[in-house]
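Now for the letters of each chain:
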Amino acid sequence: MSVLKKLASETASYGVSTILGRSLNFLLVFIHTAAFMPGELGVNIKLYSYVAVANIIYTYGMETAFFRFAAEDKMKYYNIIQSAILVSSGLFSVILIVFSKSIIAYLGYAGKENFLIWLVLILAIDAITAIPFARLRLEKQTKKFVKAKIINILINVFLNVFFLLILKKIAEGDYLNSLQPLAKTLYNPKIGAGYIFLANLLANATFLYFLRKELFDFTFTIDKQELKKLFIFAYPVMLMVLASTFNLLFDRLLLERLLPEGFYPQRTSAEALGIYGNVYKLSIFMALATQAFRYAAEPFFLSKTDDKNSPETLANVTKWFLITCIFIWLGVCLNLDWLKIFFLRKKIYWEGISVVPILLLANLFLGVYYNISVWFKLNKKTYFGTIITLIGLAITILFNIILIPQFGYLGCAIAFLISCFSMTALCYLLGQRYYPVPYHINSALGYIISAGLLIYGVMQIEFDNLWLSIPYHILLLILYTLGVVIVERKTIIPLRIRDKYAFLK
């Protein structure tokens, strides 16, 4: 249990920046849906989808390679990898900026090349700070990591509030009319939702300040032989993450194209994309737990390649990770009645709320997949990750093509769930052959099925009064928690308490 406590402590530390920070960032959904209609946010959803893919190409798996080879000579590989990323990110950025006008026109947003230039600069900053952030994780400089991430998020939120709730509203004459001439000078309505990109860029620029020591504390080094070795290790990881990211985003890239005209009465395909893209963000709570855990778990397990107890530790970690995700799934789904009111400010967005439980379950399986996939990194068989994620991507594309014309964005959610479950099952079956781990399969299935039945049952009963629905849902969550405590009593309840109460033995 001491190993689990250590990992839990590190996960909690990274969770401060990840969960607290991303939760603050999640408030942007409140701001964006209040400021813009779904059709206006479609450009942001689509361009950020492309950015997520480009981000992986900019770093091409070198973050994982750094964790793997840093044990041999940390600064040697830090110098080599950081130098390579500086050169490649600079080259990529120059090409994208030079051809920004043509690229943005091809994507269907002619005249908005400034959006693309801002996004390219965001990508460049993210790339050149990726390895310094990885170094902080490796050196256990958690406070510095957390500080940089949280301040970045706070600045991003502040700038969104300033541009979209203050400057925009004053310029439109909603209040403080005496300042309207100044606001009209500073706020350009033609930029509109593009201020979201600008705020992101200005916030990301703070990383350069916080990581100035790590950014300058390296010697520019190009070692072709070592780079070849690093790339051989990293490129399967890059392909795996790339396929995984496409898997996450392909629904938003395909929805607008595949949705039949008039599928949603009085809604355009751009509006459907805006609704789905913003409702999708309610599933971010599951992604937060996964990301916080991965920050701590990846360097933790990769540093224990020779530990004979690793399989049992991984099994126990996976069990408690899944239980945590179950509670997130329940917590969000049992509170959708007020979450949609608070975060999705225009009622038009509520039309897509029914997909949230499916998206959360899909992200749960995806989190478990990331957790158990550590076996092919430990065994240096990273190509298995590429194969699995490519299969998952193929499933996503296939089922989106089949289901979107029939079910709209509900088809997107179902396709994503099928893909994530398939990847998890395949990773488990292959892992048991090459790196056997005694996972708690029966308890995992029990928790998933019982939570799913509870969510389904709750969704059949609707309350018009929040004063009734909220206490009712909280009571159900408490009862489920008590059930988990009883099932896991031998692990979490002290022996002296179990001896006192016979039903806990």
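Conventions used here
- Here the residue index of a chain counts from 1 through its sequence in written order.
- For this predicted model, a pLDDT threshold of at least 70 governs which residues receive local features, and a threshold of 80 or more governs which side-chain atom pairs are given and counted, while totals over whole chains, interfaces and linings are taken from all residues.
- As a rule here, side-chain values come from all non-hydrogen atoms in the structure, and water together with hydrogens is ignored.
- Under the scheme used here, helices are H or I runs from DSSP no shorter than 4 residues and strands are E runs no shorter than 2 residues, and both carry numbers assigned from the N terminus.
- Each residue is assigned to one of three classes by its accessible area relative to the maximum for its type, calculated with a 1.4 Å probe on protein chains only: buried under 20%, partly exposed between the two thresholds, exposed over 50%.
- Contacts are assigned to residue pairs with any non-hydrogen atoms lying within 4.5 Å of each other.
- The accessible surface values rely on the Shrake-Rupley method and a 1.4 Å probe; as for residues, cover is taken only from the protein chains in view.
- The axes are straight lines fitted to the C-alpha atoms, using for helices just the contacting stretch, and the angles between their N-to-C directions are given from 0 to 180°.
- The scheme is simple: roughly parallel for angles under 35 degrees, roughly antiparallel for over 145, roughly perpendicular for 65 to 115, oblique for anything else.
- Each residue gets one of three labels, nonpolar for Ala, Val, Leu, Ile, Met, Phe, Trp, Tyr, Cys and Pro, charged for Asp, Glu, Lys and Arg, and polar for the others, Gly among them.
- Here, expected helix span is obtained from the residue count minus one, scaled by 1.5 Å.
- Here, nonpolar core refers to any group of buried Ala, Val, Leu, Ile, Met, Phe, Trp, Tyr and Cys residues whose side-chain atoms link them within 4.5 Å.
- Each domain's extent was defined by an automatic or database domain assignment.
- A cavity, in this analysis, means grid points on a 1 Å lattice covering only the protein atoms where a 1.4 Å probe fits yet has no way out; a pocket is instead an open set bounded by protein on both sides within 12 Å along at least five of seven lines, and a residue lines either one if it has an atom within 4 Å of a point.
- Grid points are joined across faces, edges and corners, and a volume is the space filled by probe spheres set on the points.
- Put simply, two rings from Phe, Tyr or Trp (the six-membered ring, in Trp's case) pair if the centres are within 6.5 Å, and we call them stacked under 30 degrees between planes, edge-to-face over 60, tilted for the rest.
- We define a polar contact as two N or O atoms separated by no more than 3.5 Å, with the added condition that, inside protein, one atom must be a possible hydrogen donor and the other a possible acceptor, whereas residues neighbouring each other in sequence contribute only through side-chain atom pairs.
- Crossing handedness: left-handed means the near helix sits turned counterclockwise from the far one by under a right angle, and right-handed means the same turn made clockwise.
- Here, a salt bridge means any side-chain nitrogen of Lys or Arg that lies within 4 Å of a carboxyl oxygen of Asp or Glu.

Helix and strand counts for the protein come out as 24 helices and zero strands. With 505 residues in all, the protein has 52% of them scored as buried. For the protein, the proportion of contacts with a sequence separation of at least 24, taken over those separated by at least 6, is 83%. Put simply, the protein shows about 23200 Å² of open surface, and 66% of that area lies on carbon and sulfur atoms.

It is worth spelling out the packing of helix H4 (residues 74-98) against helix H12 (residues 224-258) at this point. Two numbers describe how H4 lies on H12: the axes approach to 11 Å, and their chain directions differ by 85°. When the axes of H4 and H12 are compared, the pair comes out roughly perpendicular. Contacts between H4 and H12 involve Lys76, Tyr77, Ile80, Ile81 and Ala84 from the former and Glu226, Leu227, Lys229 and Leu230 from the latter. For the contact of H4 with H12, the per-class residue count stands at six nonpolar, no polar and three charged.

Right, let's talk about helix H17 (residues 356-372) for a bit. Look at H17: 24 Å from first C-alpha to last across 17 residues, which is about the 24 Å you get at 1.5 Å a residue. Burial analysis of H17 places 16 of its 17 residues in the buried class, the great majority of the element.

Among the nonpolar cores identified, the biggest contains 152 residues, and Met62, Leu230, Ile326, Trp329, Leu364 and Tyr369 are the most heavily contacted of them. For this core, the two domains that each supply at least three residues are domain 1 (36-222) and domain 2 (225-281 + 316-504).

This structure, assessed with the given rule, holds two cavities of 30 Å³ or more. Looking at the second largest cavity, its volume works out to about 30 Å³. The wall of the second largest cavity is formed by Ile372, Trp375, Cys427, Tyr428, Gly431, Gln432, Tyr435, Val437 and Tyr439. Sorting elements by how many residues they give to the lining of the second largest cavity places helix H20 (residues 409-434) first, with four residues. Of the residues assigned to the lining of the second largest cavity, the class counts are seven nonpolar, two polar and no charged.

On to the packing of aromatic side chains, then. Aromatic ring pairs are defined here through the distance separating the ring centres and the angle between the ring planes. The full count for this structure, using the stated rule, is 27 aromatic pairs. On the numbers, 6.1 Å between centres and 25° between planes, the contact of Phe115 with Trp118 is stacked. With Phe115 and Trp118 both in helix H6 (residues 113-138) and three residues apart, this pair spans about one turn of that helix. Comparing Phe115 with Trp118 shows no difference in burial state: the two are buried. Where Phe327 meets Tyr480, the ring centres are 6.0 Å apart and the plane angle is 80°; that geometry is what we call edge-to-face. Of this pair, Phe327 sits in helix H15 (residues 310-333) while Tyr480 sits in helix H22 (residues 466-487), and the two are 153 residues apart along the sequence. Of the residues examined, Phe327 reaches a relative accessible area of 24% and is grouped as partly exposed. Classification of Tyr480 by relative accessible area gives buried; the value is 12%.

Moving on to the environment of Leu41. Here Leu41 shows up in helix H2 (residues 38-59). Look at Leu41 and you get buried, because its relative accessible area is 3%. Linking Leu41 and Asn278, residues 237 residues apart in sequence, is a C-alpha distance of 8.7 Å. The residues touching Leu41, leaving out its near neighbours within four places in the chain, are His32, Thr33, Phe36, Ala193, Ile196, Asn278 and Tyr349.

The end-to-end C-alpha distance of H20 is 38 Å, a good match for the 38 Å that 26 residues give at a rise of 1.5 Å each. For H20, the full list of buried residues reads Tyr409, Gly411, Cys412, Ala413, Ala415, Phe416, Ser419, Cys420, Met423, Thr424, Cys427 and Gly431.

Mapped onto the fold, Gln82 is located in helix H4. Taking the relative accessible area as the measure of exposure, Gln82 reaches 0% and is therefore buried. Side-chain polar atoms of Gln82 contact the backbone oxygen of Ile128, separated by 2.9 Å. Not counting chain neighbours up to four residues away, the residues in contact with Gln82 comprise Ile128, Ile131, Pro132, Leu215 and Phe218.

Below, the discussion takes up the packing of helix H7 (residues 142-171) against helix H9 (residues 195-204). Taken N-terminus to C-terminus, the directions of H7 and H9 make an angle of 145°; their axes are 8 Å apart at the nearest point. Considering only the axes of H7 and H9, their crossing is right-handed. Between H7, through Asn152, Ile155, Asn156, Leu159, Asn160, Phe163 and Leu164, and H9, the contact on the second element is made entirely by Tyr195, Ile196, Leu198, Ala199, Asn200, Leu202, Ala203 and Asn204.

This part takes up the pattern of salt bridges. Inspection of the entire model under this criterion finds 15 salt bridges. Between Glu139 and Lys74 there is a salt bridge; the shortest N-O distance is 2.6 Å. Of this pair, Glu139 sits in the loop between H6 and H7 while Lys74 sits in helix H4, placing them 65 residues apart in sequence. Residue classification places Lys74 among the partly exposed positions, given a relative accessible area of 28%. With a shortest N-O distance of 2.9 Å, Lys144 and Glu214 are connected by a salt bridge. Within this pair, whereas Lys144 is found in helix H7, its partner Glu214 is found in helix H11 (residues 212-216), the two being separated by 70 residues in sequence.

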